[in-house]
Amino acid sequence: MIRISFRQGLLLGFTVMVLLLGGAVVRSWLVVERLLEESRRASAQAVELTAAVEELSDRSIDIERSARQYLILDDPLLHQRFAAHLAQSAAVVDRLEQQAAEPLAPLLAGWRSVAEALRESLERKTGEDDLAPLLRRLSELNGSLNQARQRWIDAQSQAMLADLEQSRLRLGWQVAIALGTLPVVVLAMVWWLLRPIRQLESAIGRLGANRFDEEIRVGGPADLRQLGHRLDWLRLRLAELEADRERALRHVSHELKTPLTSLKEGVALLQDEVLGDLGENQREVVEILQHNVANLQQQIESLLSLNAAVFEARLLQPVRVDLASLIQRIVQRRELHAQSRQVSITVELGDLAIAVLDEEKLSVVLDNLLSNAIDFSPQGGVVRLLVRRGQAGLRFECIDQGPGIAPEDRQRIFDPFVQGRQAAPAPRQGSGVGLSIVRELVRRMGGQSGLESAERGAHFFVELPDEI
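Calculation rules
- Residues numbered from 1 in each chain as written.
- Predicted model: local features only at pLDDT ≥ 70, side-chain atom pairs only at ≥ 80, totals over all residues.
- Heavy atoms only, no water.
- Helix = DSSP H or I, 4+ residues; strand = E, 2+ residues; numbered from the N terminus.
- Buried < 20%, exposed > 50% of the residue type's maximum accessible area, 1.4 Å probe, protein only.
- Contact = heavy atoms within 4.5 Å.
- Areas by Shrake-Rupley, 256 points an atom, 1.4 Å probe, with all protein chains shown as cover.
- Axes fitted to C-alpha atoms, helices over the stretch in contact; angles between N-to-C directions.
- Parallel < 35°, antiparallel > 145°, perpendicular 65-115°, else oblique.
- Left-handed = near helix turned anticlockwise from the far one by under 90°.
- Nonpolar A, V, L, I, M, F, W, Y, C, P; charged D, E, K, R; others polar.
- Core = buried A, V, L, I, M, F, W, Y, C linked by side-chain atoms within 4.5 Å.
- Pairing = 2+ DSSP bridges.
- Phe/Tyr/Trp six-rings, centres within 6.5 Å; stacked < 30°, edge-to-face > 60°.
- Patch = residues over 30% accessible without salt bridge, like charges linked within 9 Å, V, L, I, M, F, W, Y side chains within 5 Å.
- Salt bridge = Lys/Arg side-chain N within 4 Å of Asp/Glu carboxyl O.
- Expected span 1.5 Å × (residues − 1).

S.K.: Even after reading the chapter, I still don't get the overall build of the chain, so can you show me in this structure?
M.R.: Along the chain, the regular secondary structure elements total ten helices and seven strands. A buried classification covers 35% of the 468 residues belonging to the chain. Restricting to contacts in the chain with at least 6 residues of sequence separation, those with at least 24 account for 72%. Surface accessibility of the chain: about 27,600 Å² in total, with carbon and sulfur atoms responsible for 56%.

Take a look at the structure:
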C-alpha cells in the first residue's frame, strides 16, 4: 500500500490547486488569444472587402463613362480604355470571390453577366437606349454588393459576439468548477493533515496526564504515522518508568518505615524505663534518639508528600473559581493557626471575582504560603494576602512581618528540603518541602513563583494565567 508523507501530501495538494487555478487561467488566455486572432482576421477581411466593393463601384463608374464616350465619339482609344476598366473590374470581382463572402457570390455572378452583356453590346455598337438598362443594372448591382457587404460584416460581428458569449459561458463554468473543486481539495487536505495532528496533540496530552493505558494510533501521512508509533513506544516506556517509580517508592516507604517503627517503639520503651531505670546521661541519649527518629519520620513523610504533589501537578483541572469564596475558605482553614500565634490575616481582593484556575492546586499553593507566613510572623503581626491582575494574568502575593529571607537563601529557598537561615519566632516543625510544592504546582499550572525584595519580612508572589 502506498504511504504518502506529510511533505508529499502538501506538495500534491498544492499541485492540484495550482492545476485547477492554472488551468482556468490558461484556458482564459487561450480563449482571449483565439478571439483576438479571429477579430483581427475578420477586421482585415472586412477592410479588404469594403475596399474591394468601393473599388468595384469606382470601376463601374469608369466603365459607364468610357462606354458612353465611345458610343458618342467612336474612338478606338476609348474602347481600349473601356476594356481596361472592365478587366480591372473583373480582377476586383475575382478578389471578392476569393474571400468566400457567401452573400456576395450571386451578386458577383450577376455583375459578371451584366459586364459581359455590356461588352458585347458595345462591340455591336448598339444604341444608347439598349446600353442604358445594362448600366442601370450595373449600378444596382454595385448598390446591392455594398448592402450585401454590410450584411456580411454584421453577420460576422454577430457570429463573433455569439462565439464570445459561448466562450464566456464555457469559461465561466470552468472557473466555477475550479473554484468549487478548490474548497473540496482544501478541506480534504485540512482533514487529512489536521486529523493526525489532533490525534498527536491528544496523545501528548494523555502522556502528560500519565494516562498510559490507551494505545496511541495516528493516521494520515506516513511520517506522522511513524511519529505515532514512536509516541506509542514512548508511552510504553513511560508506563514502565512510572511503574518502577511507584515500586521504588513503595519499597522505600516499606523498607524505611518498618525499621523506623521498630526503632520508635524501642526508643519509647527506653524512655518509659520499661527495661529499667535510666541514668541522666542515658536519658539524654534517649531524648536525642527520639528527636532524630521523629525528624527522620517527618523527612520520609515529606518526601512522599513532595512526590505525590509532583504527580498530582500533572493532572490539571481548570474550572471557574469564585476568588472571594476560595480565599475565604483558605483563610478559615488557617484561622486557629493564626490565633495560636496571635497573628491577623488581611485580604485585599480588589474588583476580581471569577477566574478559570485549578482550584485544588491553587488552594494548596496559597495554604503553604499562608502557613509559612504565620509561622514566621511575630506575635501581633499582620499577614497580608493580595490578589490582583498583573501583566501575565492573576497575581497572588503573601507578605509577612517576620525576619524575612537571608540574601544567601533567596536563590535556593524553593529547592526541596531547604530551610532558611532566619529562625522563626516560635519553634516549628518543617521539612522544607512546602515551597518546593508551591513551585512545582505553579509551574504545572503555567505560571511562575518568586520572591520580591522587602525591607521587612518575606514577600512571596505567584503569577498564574487566567483563561477567562
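S.K.: What exactly am I supposed to notice about the packing of helix α9 (residues 359-376) against helix α10 (residues 434-444) here?
M.R.: Each pair of packed helices can be summarised by the angle the axes make with each other and by the distance between the axes. It is at 9 Å that the axes of α9 and α10 come closest, and there the two elements cross at 150°. Here α9 is positioned roughly antiparallel relative to α10, judged by the angle of their axes. Crossing geometry of α9 relative to α10 is assigned as left-handed. Across the interface between the two elements, Lys361, Val364, Val365, Asn368, Leu369 and Asn372 from α9 touch Gly434, Leu435, Ile437, Val438, Leu441 and Val442 from α10. Residue composition of the contact of α9 with α10, grouped by class: eight nonpolar, three polar and one charged.

S.K.: What am I meant to see in the nonpolar core here?
M.R.: The nonpolar side chains of a soluble globular protein tend to be buried, and buried together. Among the nonpolar cores identified, the biggest contains 39 residues, and Leu323, Leu357, Val365, Leu369, Phe396, Val462 and Leu464 are the most heavily contacted of them. Counting only elements with at least two residues in this core, the list comes to α7 (323-333), β3 (354-357), α9, β4 (382-390), β5 (393-399), α10 and β7 (459-464). Ranked by residues supplied to this core, first place goes to α9 with seven residues. The contact partners of Val462, leaving out residues within four places of it in the chain, are Val365, Leu369, Leu394, Arg395, Phe396, Val438, Val442, Gln448 and Ser449. Within the second largest apolar cluster, 31 residues are counted, among which are Val92, Val93, Leu134 and Ala148.

S.K.: Could you clarify how one ought to interpret the sheet that holds strand β6 (residues 448-452) in this entry?
M.R.: Paired through their backbone hydrogen bonds, the strands of a sheet run either parallel or antiparallel. In spatial order, the strands read β2-β4-β5-β7-β6; together these five strands make up an open sheet with mixed pairing. At either margin of the open sheet sits one strand with a lone partner, and together these are β2 (344-348) and β6. Strand-to-strand twist across the sheet, computed as the mean angle between neighbouring axes with direction ignored, equals 15°. When β4 meets β5, the two strands line up antiparallel, connected through seven bridges. Paired with Arg389 across the two strands is Leu394, which belongs to β5. α9 rests against β2, β4, β5 and β7 of the sheet, and its axis sits at about 25° to β5. The sheet strands contacting α10 are β6 and β7, and the helix crosses β7 at an angle near 20°.

S.K.: I keep staring at the packing of helix α2 (residues 76-98) against helix α3 (residues 105-124) and nothing clicks. Help me out?
M.R.: Closest axis-to-axis distance for the α2/α3 pair is 11 Å, and the angle between their directions is 170°. Between α2 and α3, the crossing angle belongs to the class labelled roughly antiparallel. Considering the relative orientation of α2 and α3, their crossing is left-handed. Side by side, α2 and α3 meet where His79, Phe82, Leu86, Ser89, Ala90, Val93, Asp94, Leu96 and Glu97 of the first sit next to Leu108, Trp111, Arg112, Ala115, Leu118, Arg119, Leu122 and Glu123 of the second.

S.K.: Honestly, the packing of aromatic side chains in this entry has me stumped. Any pointers?
M.R.: Aromatic rings in a pair are described by how distant their centres are and how their planes are angled relative to each other. For the coordinates displayed, the defined rule picks out one aromatic pair. An angle of 85° between the planes, with centres 5.9 Å apart, marks the rings of Phe414 and Phe460 as edge-to-face. Taken together, the residues Phe414 in the loop between β5 and α10 and Phe460 in strand β7 connect sequence positions 46 residues apart. A residue is classified by how much of its surface remains accessible, and Phe414, at 10% relative accessible area, is buried.

S.K.: How should a nonpolar patch on the surface be read in this particular structure?
M.R.: Side chains of Val186, Val190, Leu194 and Ile197 sit close together on the surface and give an oily, nonpolar patch of about 260 Å² of accessible area. When you line up the elements, Val186 lands in helix α4 (residues 128-208). Val186 gets classed as partly exposed once you look at its relative accessible area, which sits at 32%.

S.K.: Hey, could you run me through α2 in this one?
M.R.: An α-helical turn contains 3.6 residues, so a residue and the one three or four places further along point in the same direction. Across its 23 residues, α2 extends 33 Å between first and last C-alpha, which sits within 8% of the 33 Å expected from 1.5 Å per residue. Taken as a whole, α2 has its buried residues at Leu78, Phe82, His85, Leu86, Ser89, Val92, Val93 and Leu96.

S.K.: What should I look at first to understand α10 in this one?
M.R.: Extensive coverage of α10 is indicated by the burial of eight of its eleven residues. Buried within α10 are the following residues: Gly434, Leu435, Ser436, Ile437, Val438, Glu440, Leu441 and Val442. Immediately beyond the C-terminal end of α10, within one or two residues, lies Gly446, with a positive phi of roughly 85°.

S.K.: Please clarify how the pattern of salt bridges should be interpreted in this entry.
M.R.: One side chain can pair with another of opposite charge once the charged atoms of both are near each other. Tallied over the entire structure, the rule returns 22 salt bridges. Here Arg112 makes a salt bridge to Asp94, at a shortest N to O gap of 2.0 Å. Of this pair, Arg112 sits in helix α3 while Asp94 sits in helix α2, and the two are 18 residues apart along the sequence. Note on Arg112: relative accessible area 31%, which makes it partly exposed. In this structure, Glu397 engages Arg388 in a salt bridge whose closest nitrogen and oxygen atoms are separated by 2.6 Å. On the basis of relative accessibility, which here comes to 5%, the residue Glu397 falls in the buried class. With relative accessibility at 38%, the residue Arg388 sits in the partly exposed group. By sharing partners, the salt bridges in this structure join Arg388, Arg395, Glu397, Glu452 and Glu463 into a single network.

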